[in-house]
Structures are given as C-alpha cells and as structure tokens.
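# Reading the structure
One-letter residues, chain by chain:
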Amino acid sequence: LADSYDNIGDLHMRKGELEPAEQSYEQARRIREQLVTYYPMIQYPDYACTMQKLAKAYCADKSLFQALVVISNLAETLCSIDTWEDENLLVERANAYHNKALILAELGNSKDARDLMLMAAQTYSDAGNEYDIRHKEAAAAAFCMAGNYSCDVNDYEQAESLFKSALSISKRLYIAGQ
C-alpha cells in the first residue's frame, strides 16, 4: 500500500502536481511509520526513501521549512538506530545529512550546511569502506560541497582541506579504475 502511494506521488511530481504529490507521500509516510514499528530493519530504507521524496516535494513547492522538518526528523530517526549493519541504512543516513545540508544552504545557513555536508561525506566514506567503493564518489562530491560552504563563510583553510580530501579520494578511485 505504501509503495502504491509512493508511486502515485512520483507520478504527480513528474506532472508538476505538487500538492497531490505531497498528499500521496504523506500517506506513504504514515503507513511506513507503522510498519517500521513492527519490522524496523526491513522497513527503514523504504521509510527513508519516502521521507526523502516528501522533502523534495516540499522543496519543489518552496516549502523549505516543511522540508527541513521532514529531513530533520528522518536524520534523527536514522541516527537513533544503534546498529548500522545494513548498507542501505548507512547510505540513507548520509542522504539525509546531504539533503538537510542542501535545504539549509538554500535558506542561507552555509555554516550549518557545511557541518552537515561534512557528516554526509564521512558517512558516505564509511559506506565506501564497509560495503561498496562507489560510495566514495558520493563522499568526494560531499567533501567538495562542504568545501564550497566553507568558502561561503570565509573559512578558506577548512575549504582547502576539504577540497584536498575530495581530490585524494578521486585520485584513489581513478587509480583503482585503471
């Protein structure tokens, strides 16, 4: 049932119908919240995906504060899980940090956006170490974005350090791909 609401929300988003999309994603979210109670390790990735879609719908509708609340709740929920034995959960946590940082940057809060993007980069990097090296690409991109946010707040030393971290990861990926 939740998947059906997600799919209907996706359809509305593609058609540019934001309010019906938000309503469908809200329905899916409510159902998934109930499922997470009974099947947490199975349902958390789907719950996270629905929450990300809901936040994107709010962003598209220029309801950035609502999007921030959704992503903040998701990040809090995902960080409250003690065991991160599942690759999807770890990546969804990184995605939540990443998306929250993007919203904060859009709201003009580059300092907090930088801090969250750095958390996203470190979490993507952890996923790359534990599961799949391709997550390192996301880590490199997040380090670059955190570096840009550091420039926005005139912290050029940290920006340089973050850009060098991204370069180091990119070089290792390039060498590994040859």
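Reading the values: rules and limits
- Residues numbered from 1 in each chain as written.
- Predicted model: local features only at pLDDT ≥ 70, side-chain atom pairs only at ≥ 80, totals over all residues.
- Heavy atoms only, no water.
- Core = buried A, V, L, I, M, F, W, Y, C linked by side-chain atoms within 4.5 Å.
- Buried < 20%, exposed > 50% of the residue type's maximum accessible area, 1.4 Å probe, protein only.
- Helix = DSSP H or I, 4+ residues; strand = E, 2+ residues; numbered from the N terminus.
- Contact = heavy atoms within 4.5 Å.
- pLDDT = per-residue confidence, 0-100.
- Polar contact = N/O pair within 3.5 Å; in protein donor to acceptor, adjacent residues only side chain to side chain.
- Expected span 1.5 Å × (residues − 1).
- Arc of directions from axis to C-beta.
- Axes fitted to C-alpha atoms, helices over the stretch in contact; angles between N-to-C directions.
- Parallel < 35°, antiparallel > 145°, perpendicular 65-115°, else oblique.
- Left-handed = near helix turned anticlockwise from the far one by under 90°.

Glancing now at the nonpolar core. Counting residues in each nonpolar core, the largest one holds 42 residues, and the members touching the most others are Val70, Leu74, Ile103, Met117, Tyr124 and Phe143. Counting only elements with at least two residues in this core, the list comes to α2 (18–38), α3 (40–60), α4 (64–79), α5 (87–106), α6 (110–130), α7 (135–152) and α8 (156–177). Apart from residues no more than four positions distant in its own chain, Met117 is found in contact with His98, Ala101, Leu102, Ala142, Met145, Ala146 and Tyr149.

Here the focus is the confidence of the model for the protein. Of the residues in the protein, 92% reach a pLDDT of 70 or more, and the chain-wide mean stands at 83. Summarising per-element confidence for the protein, the mean pLDDT is lowest in α3 (74) and highest in α7 (90).

Inspection of the secondary structure assignment puts Gln27 in helix α2. Between the C-alpha atom of Gln27 and that of Glu130, which follows or precedes it by 103 residues, the distance is 34 Å. Side chain to side chain, Gln27 and Tyr5 meet in a polar contact 3.3 Å long.

Counted at 1.5 Å a residue, the expected span for α8 with its 22 residues is 32 Å, and the 31 Å between its end C-alpha atoms agrees. Those residues of α8 that sit buried are Ala159, Leu162, Ala166 and Ile169. All buried residues of α8 lie within an arc of 95° about the axis, which places them on one face of the element. Away from its buried face, by an angle of more than 90 degrees, α8 presents the exposed residues Tyr156, Glu157, Lys164, Arg172, Tyr174 and Ile175. On its buried side, α8 packs onto α6 and α7.

The subject of this paragraph is the environment of Lys56. Mapped onto the secondary structure, Lys56 falls in helix α3. The class of Lys56 is exposed, set by a relative accessible area of 52%. Separated by 43 residues in sequence, Lys56 and Asn99 place their C-alpha atoms 8.8 Å apart.

Let us now look at the packing of helix α1 (residues 2–14) against α2. Contact pair α1 / α2: the axes reach a minimum separation of 8 Å and the direction vectors enclose 160°. For the element pair α1 / α2, the angle class is roughly antiparallel. Between α1 and α2 lies a crossing of left-handed hand. Taken together, the residues of α2 that come into contact with α1 (itself represented by Ala2, Asp3, Tyr5, Asp6, Ile8, Gly9, Asp10, His12 and Met13) are Leu18, Pro20, Ala21, Ser24, Tyr25, Gln27, Ala28, Ile31 and Arg32.

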